[in-house]
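# Geometric and topological summary
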Amino acid sequence: VQSRALPVFRFFAYATGIALLLLVVAMVAKYVGDDDRWVPLVAPLHGWLYVGYVVSAFIVAGKLRWSLFRTIALLLAGTIPLASFVAERKVMEQVRRQGAAPQTSTASAGSPG
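What counts, and where the lines are drawn
Along each chain, numbering runs from 1 in the same order as the chain's sequence is written. Reporting in this predicted model follows two pLDDT cut-offs: at least 70 for local features of residues, and 80 or more for side-chain atom pairs to be given and counted; totals over whole chains, interfaces and linings ignore these cut-offs and use all residues. Just so you know, side-chain values use all the structure's heavy atoms and leave hydrogens and water out. Note on conventions: DSSP H or I runs of at least 4 residues are helices, E runs of at least 2 residues are strands, and numbering of each starts at the N terminus. Burial classes: relative accessible area under 20% of the type maximum marks a residue as buried, over 50% as exposed, and values in between as partly exposed (1.4 Å probe, protein chains only). Whether two residues are in contact is decided by their heavy atoms: any pair within 4.5 Å suffices. Residue count minus one, scaled by 1.5 Å, sets the expected span of a helix. Paired rings are identified among Phe, Tyr and Trp, the last through its six-membered ring, by centres lying within 6.5 Å, and are further divided according to the angle between planes into stacked (under 30 degrees), edge-to-face (over 60) and tilted (the rest). To sit over a ring, a charge needs its Lys NZ or Arg CZ within 6 Å of the ring centre and within 35 degrees of the ring normal. Every axis corresponds to a line fitted to the C-alpha atoms, with the helix fit spanning only the stretch in contact, and the corresponding angles, defined between N-to-C directions, vary from 0 to 180 degrees. Orientation is classified from the angle alone, with under 35 degrees giving roughly parallel, over 145 giving roughly antiparallel, 65 to 115 giving roughly perpendicular, and any other angle giving oblique. Handedness of a crossing follows from how the near helix is turned relative to the far one, being left-handed for an anticlockwise turn of less than a right angle and right-handed for a clockwise one. Any residue outside Ala, Val, Leu, Ile, Met, Phe, Trp, Tyr, Cys, Pro, Asp, Glu, Lys and Arg is labelled polar, Gly included; the first ten of those are nonpolar and the last four are charged.

In this fold, Ala13 is placed in helix 1 (residues 5–31). According to the relative accessible area criterion, Ala13 is buried, its value standing at 0%. Residues in contact with Ala13, not counting those within four places in the same chain, are Tyr53, Ser84, Phe85 and Glu88.

Turning our eyes to something else, we now look at helix 2 (residues 39–63). Its 25 residues give helix 2 an end-to-end C-alpha distance of 35 Å, which sits within 8% of 36 Å, the value for a rise of 1.5 Å per residue. Taken residue by residue, helix 2 has Val39, Val42, His46, Leu49, Tyr50, Gly52, Tyr53, Ser56, Ala57, Val60 and Ala61 as its buried positions. In the core, the buried residues of helix 2 are packed alongside helix 1, helix 3 (68–76) and helix 4 (83–97). Following helix 2 by one or two positions, Arg65 adopts a phi angle in the positive range, close to 60 degrees.

For the structure shown, the criterion picks out four aromatic pairs. Ring centres of Phe11 and Phe12 lie 5.1 Å apart, and the angle between their planes is 75 degrees; on these two criteria the pair is classed as edge-to-face. Ring geometry for Tyr14 and Phe85: centres 5.8 Å apart, planes at 45 degrees, overall tilted. Here Phe85 lies in helix 4 and Tyr14 lies in helix 1, a separation of 71 residues in the sequence. Taking relative accessible area as the criterion, Tyr14 reaches 32% and is therefore assigned partly exposed. Three or more aromatic residues joined by ring pairs form one cluster here, namely Phe9, Tyr50 and Tyr53. Over the aromatic face of Trp66 sits the side chain of Arg70, whose NZ or CZ is 4.0 Å from the ring centroid.

The next point concerns the environment of Arg4. The topology assignment puts Arg4 in the segment before helix 1. In this structure the C-alpha to C-alpha distance between Arg4 and Ser56, which are 52 residues apart in sequence, comes to 9.9 Å.

In this section: the packing of helix 1 against helix 4. Look at helix 1 against helix 4: their axes get within 8 Å of each other, and the N-to-C directions meet at 160 degrees. As far as their axial angle goes, helix 4 and helix 1 are roughly antiparallel. You can see that helix 1 and helix 4 cross each other, and the crossing is left-handed. For the pair helix 1 and helix 4, the contacting residues are Leu6, Phe9, Arg10, Ala13, Tyr14, Thr16, Gly17, Ile18 and Leu21 in the first and Ser84, Phe85, Glu88, Arg89, Val91, Met92 and Val95 in the second. Taken together, the residues of the contact of helix 1 with helix 4 sort by class into ten nonpolar, three polar and three charged.

Right, here's the structure in full:
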């Protein structure tokens, strides 16, 4: 995973997860408490963060050479409360298992070896 891809993904995984939890609270407030002022604020926030999550997750999954099924599961994790936090842990576990974060071929082109 390139040096920037992993931290960007981690940011969007956490931010999307938090925004989704806020959206769930806002939806409960709307339908249980008859307070609909929060949904128009939180829903677009989650939507835009999810776009960043999808792009960054797709890049990371490609760098880790994940299967199509696993990539789709990673992408969908931003739509299920708490799942993006679990997905971030799974990505980090795989990166740790591989030792250091794998680099692209251009990053290691000049290294002696």
